[in-house]
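Okay, here's what each chain looks like letter by letter:
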Amino acid sequence: MSVRSAEVRLVKAGATKIRYPAELLSDDGTHLVVRAPWAAPGVRDFGFVRFEPGDVFTEHYWRDRWYSVKEVRTGAGVLKGWYCDIARPAVVDGTEVVVEDLDLDLWVSADGRTVLRLDEDEFAESGLAGRDPQAADAAVRALDELEVLAREGSFSDLLG
């Protein structure tokens, strides 16, 4: 069996923030799943979690949902948790997956006890609510939906 590849491109404020290769695990036409190693240089310490070389991200994207969910594991396979980006629905063009980040994020720890809403200040400062109120509303609803799922303990159900 050959490995199918994809390239993920994260766009923020109209510019490419990061681009990285990934292994395409599945695509049912709505829900796309890829796996990729930590793509940024070095370590990123958020205080509540560290992303570092060797970490593996299994990333879930949807063409009809305003978020993506990234399951984060160490290179040894230990679950760190889930990092959720609030974003416009994914656009797939050939092997490229393009996702427009809308600044809001949610972190859910591996044990489900820690659920953190992130970057709400950046979202407010982005001006999206003034430029595109419908998108801003969809983004806030998506964050609320993910938070409810995480707090109810049914978060992993949405990943299938």
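Scroll up to find the structure this text is about.
Here we summarise the structure given alongside this text. (Residues numbered from 1 in each chain as written. Predicted model: local features only at pLDDT ≥ 70, side-chain atom pairs only at ≥ 80, totals over all residues. Heavy atoms only, no water.)

### Regarding the pattern of salt bridges
Side-chain pairs of opposite charge can arise where the charged atoms are in close proximity.
Phase 1 of the analysis: Summed over the entire model, instances satisfying the criterion amount to 21 salt bridges.
Phase 2 of the analysis: Here E96 and R19 are joined by a salt bridge, their closest N and O atoms 3.0 Å apart. Residue E96 is found in strand 10 (residues 96-109), and its partner R19 is found in strand 2 (residues 15-27); the two are separated by 77 residues along the sequence.
Phase 3 of the analysis: What makes E96 buried here is its relative accessible area of 17%.
Phase 4 of the analysis: Look at R19 and you get partly exposed, because its relative accessible area is 43%.
Phase 5 of the analysis: With a closest N to O distance of 2.2 Å, D137 and R141 form a salt bridge. On the criterion of helical spacing, the pair formed by D137 and R141 is a turn pair, its members being four residues apart in helix 3 (residues 133-152).
Phase 6 of the analysis: For R141, a relative accessible area of 49% gives the class partly exposed.
Phase 7 of the analysis: In the salt-bridge network here, residues are joined through shared partners; they are D45, R50, E52, D55 and K80. (Salt bridge = Lys/Arg side-chain N within 4 Å of Asp/Glu carboxyl O. Helix = DSSP H or I, 4+ residues; strand = E, 2+ residues; numbered from the N terminus. Buried < 20%, exposed > 50% of the residue type's maximum accessible area, 1.4 Å probe, protein only.)

### Quick word on the side chain of S109
Phase 1 of the analysis: Mapped onto the secondary structure, S109 falls in strand 10.
Phase 2 of the analysis: Within the local environment of S109, its side chain forms a polar contact with the backbone nitrogen of R113, the two atoms lying 3.4 Å apart.
Phase 3 of the analysis: Ignoring any residue separated from it by four or fewer positions in sequence, one finds S109 in contact with K80, G81, W82 and T114. (Polar contact = N/O pair within 3.5 Å; in protein donor to acceptor, adjacent residues only side chain to side chain. Contact = heavy atoms within 4.5 Å.)

### Structural notes on the side chain of D105
Phase 1 of the analysis: Mapped onto the fold, D105 is located in strand 10.
Phase 2 of the analysis: Nearest to the buried, unbridged D105 among oppositely charged side chains is K12, at 6.5 Å.
Phase 3 of the analysis: There is a polar contact of 3.3 Å between the side chain of D105 and the side chain of Y83.
Phase 4 of the analysis: If near-sequence neighbours (up to four positions away) are discounted, D105 is found in contact with Y83, C84, D85, I86, L116, R117, L118, D119 and L143. (Lys, Arg positive; Asp, Glu negative; His and termini not counted.)

### Quick notes on helix 3
Side chains three or four residues apart in an α-helix point the same way, a direct result of the helix having 3.6 residues per turn.
Phase 1 of the analysis: For helix 3, with 20 residues, the first-to-last C-alpha span of 29 Å sits near the 28 Å given by 1.5 Å per residue.
Phase 2 of the analysis: Residues of helix 3 that are buried sit in contact with strand 7 (67-73), strand 8 (79-87), strand 10, strand 11 (115-118), helix 1 (120-125) and helix 2 (128-131).
Phase 3 of the analysis: Once helix 3 ends, the next one or two residues include G153, with phi positive near 80 degrees. (Expected span 1.5 Å × (residues − 1).)

### A closer look at the environment of E147
Phase 1 of the analysis: Following the sequence through the fold, E147 ends up in helix 3.
Phase 2 of the analysis: Sequence-wise, E147 and L106 are 41 residues apart; in three dimensions their C-alpha atoms are separated by 7.3 Å.

### Comments concerning the packing of aromatic side chains
Phase 1 of the analysis: Scanning all chains against the criterion turns up 11 aromatic pairs.
Phase 2 of the analysis: Here F48 and W107 contribute two aromatic rings whose centre-to-centre distance is 5.9 Å and whose plane-to-plane angle is 40 degrees, an arrangement assigned as tilted. Placement of F48 in the loop between strand 4 (44-45) and strand 5 (50-51) and of W107 in strand 10 is noted, with a sequence separation of 59 residues between them.
Phase 3 of the analysis: Of the residues examined, F48 reaches a relative accessible area of 30% and is grouped as partly exposed.
Phase 4 of the analysis: Here the aromatic cluster, defined as three or more aromatic residues joined through ring pairs, consists of W38, F46, F48, F51, F57, Y83 and W107. (Phe/Tyr/Trp six-rings, centres within 6.5 Å; stacked < 30°, edge-to-face > 60°.)

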